[in-house]
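Summary of the model geometry
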Amino acid sequence: MKATAMAHPNSAIVKYWGKSDEELGLPLNSSASVTIAPYCTRTTVEFSKAYAKDEAFVDNEKASGETEVRIVKHLDRIRKLAGVSLRARVVSLNDFPLGCGFGSSASGFAALTLAASRASELDLRERELSILARQGSGSACRSIPGGFVIWRKGERSEDSYAQSIAEPGDIDMRILMVSVGKRKEISSARGMTLAKTSPLMEAWLAQKDERISSLTKAVRQKSIGEIGSISEAESLCLHAICMTSNPPIIYWAPTTLRIMREVLIMREEGIEAYFSVDAGASVYVYTHPEHEIGVSTRLREIEGVERVLRCKVGSGARIVGKHLF
Ligand code: PMV
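Just so it is clear, the model here is predicted, and its values are computed rather than measured.

What counts and what doesn't
- Residues numbered from 1 in each chain as written.
- Predicted model: local features only at pLDDT ≥ 70, side-chain atom pairs only at ≥ 80, totals over all residues.
- Heavy atoms only, no water.
- Buried < 20%, exposed > 50% of the residue type's maximum accessible area, 1.4 Å probe, protein only.
- Helix = DSSP H or I, 4+ residues; strand = E, 2+ residues; numbered from the N terminus.
- Contact = heavy atoms within 4.5 Å.
- Core = buried A, V, L, I, M, F, W, Y, C linked by side-chain atoms within 4.5 Å.
- Near = heavy atom within 4 Å.
- Polar contact = N/O pair within 3.5 Å; in protein donor to acceptor, adjacent residues only side chain to side chain.
- Areas by Shrake-Rupley, 256 points an atom, 1.4 Å probe, with all protein chains shown as cover.
- Nonpolar A, V, L, I, M, F, W, Y, C, P; charged D, E, K, R; others polar.
- Phe/Tyr/Trp six-rings, centres within 6.5 Å; stacked < 30°, edge-to-face > 60°.
- Lys NZ or Arg CZ within 6 Å of the ring centre and 35° of its normal.
- Pairing = 2+ DSSP bridges.
- Axes fitted to C-alpha atoms, helices over the stretch in contact; angles between N-to-C directions.
- Parallel < 35°, antiparallel > 145°, perpendicular 65-115°, else oblique.
- Left-handed = near helix turned anticlockwise from the far one by under 90°.

**What to know about helix H3 (residues 126-136)**
A large share of H3 lies buried, amounting to eight of its eleven residues. When H3 is considered as a whole, its buried residues turn out to be Leu129, Ser130, Ile131, Leu132, Ala133, Arg134, Gln135 and Gly136. Buried residues along H3 sit against strand E4 (26-27), helix H1 (65-82), helix H2 (104-119), strand E10 (148-151) and strand E11 (162-166).

Structure representation (structure tokens):
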């Protein structure tokens, strides 16, 4: 009973930042993202009598504390569905920087969901996998499908899942993952519980349905400019909410601002590039294929930028043959 899966991270365009149901992981609003390749999480899960307890290793380190609790809880959900009581060994490897604002919990829980459900011989459809991944980490439900994805908030667990609205080949948008060294000090889960203390939260939620409709239209029209404008507006609102929460959360580093300013300067010069910032200091920059090299060269020159990873729109989570142990 062993399987290996891989899943890409996703970059939120219409952002999610709060739950209506903590236990089920139901979000306050619908959100949207783009799946990012080639970077990914690969995860092997084996259920066996040989294991006395669950053990997980993430990037060659034994998972402990909160990470371990979340992984075991997720394995329990899958065991319950599959009617399996065996303990598991989980080995997970990421090939992109962790904990700095790139969605490693999204790709991680998407890969874990697919690998563990296959290893426990569950035969789940994309929708069921997305529902399950959501309970591990909200944004993980958007790393199950590929391309451009919408997660409809739903009213109950069964109708809160993500679906593709465009396949990876439909819009050739390039995504630059601009990594800034600062590790995030406050988890998304904690940040979300504070969001309601911001006076801006209500106004932001009131705009969400309109933002989802605008994004759907932008994707239909294959307009990278429109997609990028929505991601910028959403990023600024998300961080305004974080900064005005009580206690305040400041995820940005000075370099984050330098990157955002450079993107705005490039646009004034006629180079179409847009920023998107999730819960961290690192930045995603969306652009057209013809500007990818030029934009990444300019971003690399900014003081404090550690790495610029060049990415394309990626496919959904999938089973792979090569196990990690
Ligand atoms: O699902 P989590 O706990 O990784 O939270 C994701 C939060 C943001 O990345 C900031 C926004 C989003 O929609 O992904």
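**Section: the nonpolar core**
Core analysis: the largest hydrophobic core is formed by 28 residues, its most contacted members being Val45, Phe47, Leu75 and Leu112. Looking at this core, the elements that each hand over two or more residues are strand E1 (2-7), strand E6 (41-48), H1, strand E9 (87-94), H2 and H3. By residue number, the principal contributor to this core is H2, which donates eight residues. Other than its neighbours up to four places away in sequence, Leu112 contacts Thr43, Val45, Ile71, His74, Leu75, Ile78, Val90 and Ser117. By size, the runner-up hydrophobic cluster in this structure holds 27 residues, among which are Phe102, Met173, Val219 and Ile230.

**A few points about the site of the ligand**
Around the ligand sit 14 residues in total, of which Tyr16, Ser105, Ser139, Arg142 and Met192 are the nearest. Residue Arg142 places a side-chain N or O atom 2.7 Å away from an oxygen atom belonging to the ligand. Against a free-state accessible area of 380 Å², the protein chains account for coverage of 90% of the ligand. Its residues placed into classes, the shell around the ligand shows six nonpolar, five polar and three charged.

**Re the packing of aromatic side chains**
Counting across every chain of the model gives two aromatic pairs. Summarising the aromatic geometry, the rings of Tyr16 and Trp151 are spaced 4.9 Å apart at their centres and angled 65° between planes, so their arrangement reads as edge-to-face. One end of the pair, Tyr16, is in the loop between strand E2 (10-14) and strand E3 (19-21); the other, Trp151, is in strand E10, and 135 residues separate them in sequence. Across the pair, Trp151 and Tyr16 agree in class, each one buried. The interplanar angle of 85° and the centroid separation of 6.2 Å between the aromatic rings of Trp17 and Tyr251 together place this pair among those described as edge-to-face. One end of the pair, Trp17, is in the loop between E2 and E3; the other, Tyr251, is in the loop between helix H6 (224-243) and helix H7 (254-268), with 234 residues separating them in the sequence. Of the two residues examined, Trp17 and Tyr251, each falls in the buried class. Positioned over the ring face of Phe325 is Lys2, at 4.3 Å from the centre of the ring. The ring of Trp204 carries Lys208 above its face, with NZ or CZ at 3.3 Å from the centroid.

**With respect to the sheet that holds E1**
Taking strand neighbours across the sheet as the criterion, the six strands line up as E8-E7-E9-E6-E1-E16 in an open arrangement whose pairing is mixed. Every interior strand has two partners, whereas the edge strands, strand E8 (61-62) and strand E16 (318-320), have only one. Across two bridges, the pairing between strand E7 (residues 55-58) and E8 is antiparallel. Bridging across to E8, Val58 finds its partner in Glu61. Sheet strands touched by H1: E6, E7, E8 and E9. Its angle to E9, the strand with the most contacts, is close to 125°. H2 contacts E1, E6, E9 and E16 of the sheet and is inclined by roughly 35° relative to E6.

**Here we look at the packing of H2 against H3**
Taken N-terminus to C-terminus, the directions of H2 and H3 make an angle of 125°; their axes are 9 Å apart at the nearest point. With respect to their mutual orientation, H2 and H3 come out oblique. Pair H2 / H3 crosses with right-handed handedness. Packed against H2, whose contacting residues are Phe109, Ala110, Thr113, Leu114 and Ser117, the element H3 presents Leu129, Leu132, Ala133 and Gly136 at the interface. Grouping the constituent residues of the contact of H2 with H3 by class yields six nonpolar, three polar and no charged.

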